[in-house]
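# Per-entry structural report
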Amino acid sequence: MTNGGTLAVRIWKGDAKGALRAFTVPHRPIQSVLDVVTWVQRNLDPGLAYRFACRVGMCGSCAMTVNGIPRWTCRTRVSKVAQDGRLTIEPLRNLPVIRDLACDMRPFFEKWRAARGRFAPTGTRADPLPRLAPDSPGRRAVDAGIECINCAICHAGCDVVAWRPDYLGPAALNRAWTLQNDARDGDRAARLQAVAGDGGCTCCHSQQTCARLCPKGLNPTAAIAGLKRAAFAAALRGRP
Amino acid sequence: MGEARLYVAQRVSALILAPLVLAHLGLIVIAVRGGLSAAEILARTHDSPLWAGFYGLFVVAAAVHGSIGLRAVAAETLGWRGRGLEWATLGVGLAFLALGLGAVVAVIA
């Protein structure tokens, strides 16, 4: 069912040297930006490349730049973001464009690896489960950042990543901070060294764009501030 | 020098600079409103260990803070990295230090 109107949609076509192409799309009630992209692919441009999976805000694969701002398109209503019935949909910033709206996510996940964003267990499956008090400060710090869905919206929105592409970025550093607060993790000294080095947490300007844009309501800036405090303390102890 | 050490140096120098800058601005207002001449100001600062220490610390903190800050600006806006940037940072810091300490000596000696 349409509400009678149409949307003037411009969608990025091609790789980094591509251009915006205009489409006219029916405006429907309760329509998401992902619905618009899907409608264009099904009805106007079968070759349009884009990425999505769950459509319910869990998988983090449908992030795109909508009217200049990175958003999860499956949970972004057209009625909220369209300006006078106009939508401009582009791939995420700060990542190489493969084609149309699909970015190469490898640099993003390579930064997770560089930040040692992998849990390093200290026990084995034969050990009893460790008891973690839900209200302990460490567990609370983990809770604050653990719901990241790897959508790369914070990475696309971060000006520091745009200025210096070697900066690890808000998502990888947020992940590192959750692991630094995990009492079961055994890689904290090496991880702190990894995130306090060149392109690490000290590059952050605390502009908080990541916190403003995060669709899950996380605050990577606060996580990075935690890493800065830890790096500061380690440097004073002579272990930068 | 490691990034974390530079970070510590910049934050600690900022901590030192903040009250010194406020005091410096206050002194300017007092001197101007009080109608002090340059000769009267120099008479007060001449051979004064207090003013030598105040502005000496000010200059050292400003040289450390400014050079590390410019290093970040150069890295972000020019994409400058590596050994050249480190030497440039050191050079800028030493230049700030020389200029600042020269001014301190001029009003104290």
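## Remarks on the overall build of chain A
The secondary structure content of chain A amounts to ten helices and seven strands. For the C-alpha atoms alone, the extent of chain A along its principal axes is close to 65 × 40 × 30 Å. Burial statistics for chain A: of 240 residues in total, 42% are counted as buried. By sequence separation, contacts in chain A at least 24 residues apart represent 66% of the contacts at least 6 residues apart.

## Here's the deal with the overall build of chain B
Counting secondary structure elements, chain B contains four helices and zero strands. The secondary structure elements of chain B, listed N-terminal to C-terminal, are α-α-α-α. Against the 2.2 N^0.38 benchmark of 13 Å for 109 residues, chain B shows a C-alpha radius of gyration of 16 Å, more extended than a compact globule. For chain B, with 109 residues in total, the buried portion stands at 17%. Once local pairs closer than 6 in sequence are excluded, the contacts in chain B between residues at least 24 apart make up 81%.

## Concerning the pairing of strand 5 (residues 86-90) of chain A
Residue and element names in this part refer to chain A. Burial of strand 5 is one-sided: the residues Leu87 and Ile89 facing one way are buried, the residues Arg86, Thr88 and Glu90 facing the other way are not. Note that strand 1 (residues 6-13) and strand 5 share four bridges and pair parallel. Bridging across to strand 5, Arg10 finds its partner in Thr88. Relative to strand 5, strand 3 (residues 63-66) runs antiparallel, the two being bridged by two bridges. Residue pairing across strands places Thr65 opposite Glu90, the latter belonging to strand 5.

## Some details on the environment of Trp177 of chain A
Residues and elements named next belong to chain A. Position of Trp177 relative to the elements: it lies in helix 7 (residues 170-180). A C-alpha to C-alpha distance of 20 Å links Trp177 and Arg131, two positions 46 residues apart in sequence. Those residues within four positions of Trp177 in sequence are excluded, and the remaining contacts are Gly145, Ala223, Gly226 and Leu227.

## Description of the packing of helix 3 (residues 49-77) of chain B against helix 4 (residues 83-108) of chain B
Residue and element names in this part refer to chain B. Relative to each other, helix 3 and helix 4 sit at 155 degrees, their axes nearing to 8 Å. It follows from the interaxial angle that helix 3 and helix 4 lie roughly antiparallel. Here the hand of the crossing between helix 3 and helix 4 comes out right-handed.

## What about the packing of helix 7 of chain A against helix 8 (residues 188-195) of chain A?
Residue and element names in this part refer to chain A. It is the contact of helix 7 with helix 8, at a shortest axis distance of 10 Å, that shows an interaxial angle of 155 degrees. On the basis of their axis angle, the class for helix 7 and helix 8 is roughly antiparallel. By crossing handedness, the relation of helix 7 to helix 8 is classed as left-handed. Between helix 7, through Leu173, Ala176, Leu179 and Gln180, and helix 8, the contact on the second element is made entirely by Arg188, Arg191, Leu192 and Val195. The residue makeup of the contact of helix 7 with helix 8, split by class, is five nonpolar, one polar and two charged.

## Some words on the sheet that holds strand 3 of chain A
All names here are of chain A. Strands sit in the order 2-1-5-3-4 across an open sheet of five strands; the sheet is mixed. Looking along the sheet, the strands with just one partner apiece sit at the ends: strand 2 (19-26) and strand 4 (69-72). Strand-to-strand, the axes of this sheet are offset by a mean angle of 35 degrees, without reference to chain direction.

## A word on the nonpolar core
Residues and elements named next belong to chain A. Ranked by size, the top nonpolar core spans 77 residues in total, and within it Ile89, Ala152, Ile153, Leu173, Val195, Leu227 and Ala231 carry the most contacts. Mapped onto the domain boundaries, this core takes at least three residues apiece from domain 1 (6-103) and domain 2 (106-236). Leaving out residues up to four positions away in the same chain, Leu227 has contacts with Leu173, Ala176, Trp177, Val195 and Cys201.

## Description of the interface of chain A and chain B
The partner chain B presents nine residues to the 14 residues of chain A that form the contact. Considered class by class, the residues forming the side of chain A that touches chain B number eight nonpolar, three polar and three charged.

## Focus on helix 10 (residues 220-236) of chain A
The terminal C-alpha atoms of helix 10 of chain A lie 24 Å apart, and with 17 residues this matches the ideal 24 Å at 1.5 Å per residue to within 8%. The set of residues buried in helix 10 of chain A consists of Pro220, Thr221, Ala223, Ile224, Gly226, Leu227, Lys228, Ala230, Ala231, Phe232 and Ala235 of chain A. Contact partners of the buried residues in helix 10 of chain A: helix 4 (137-145), helix 5 (153-157), helix 7, helix 8 and helix 9 (209-213) of chain A together with helix 1 (3-33) of chain B. Gly238 of chain A, located one to two residues past helix 10 of chain A, shows a positive phi value of around 85 degrees.

## Some remarks on the environment of Ile30 of chain A
When you line up the elements, Ile30 of chain A lands in the loop between strand 2 and helix 1 (33-43). Taking the C-alpha atoms as reference points, Ile30 of chain A and Arg106 of chain A, 76 residues apart in sequence, are found 33 Å from one another.

## Quick word on the domain arrangement of chain A
Residues and elements named next belong to chain A. One can read the domain layout of chain A as domain 1 (6-103) and domain 2 (106-236). Each of domain 1 and domain 2 has a C-alpha centre, and the two are 29 Å apart. At the interface, 14 residues of domain 1 touch 15 residues of domain 2. When residues of the side of domain 1 that touches domain 2 are traced back to their parent elements, those giving at least two are strand 3 and strand 4. Looking at the side of domain 1 that touches domain 2 element by element, the count peaks at three residues for strand 4.

How each quantity is defined
Residues numbered from 1 in each chain as written. Chains lettered and ligands numbered in written order. Predicted model: local features only at pLDDT ≥ 70, side-chain atom pairs only at ≥ 80, totals over all residues. Helix = DSSP H or I, 4+ residues; strand = E, 2+ residues; numbered from the N terminus. Buried ≥ 20, exposed ≤ 12 C-beta atoms within 10 Å, placed from the backbone. Contact = placed C-beta atoms within 7 Å. Rg over C-alpha atoms; globule rule 2.2 N^0.38 Å. Pairing = 2+ DSSP bridges. Axes fitted to C-alpha atoms, helices over the stretch in contact; angles between N-to-C directions. Parallel < 35°, antiparallel > 145°, perpendicular 65-115°, else oblique. Left-handed = near helix turned anticlockwise from the far one by under 90°. Nonpolar A, V, L, I, M, F, W, Y, C, P; charged D, E, K, R; others polar. Core = buried A, V, L, I, M, F, W, Y, C linked by C-beta atoms within 7 Å. Domains from an automatic or database assignment. Expected span 1.5 Å × (residues − 1).

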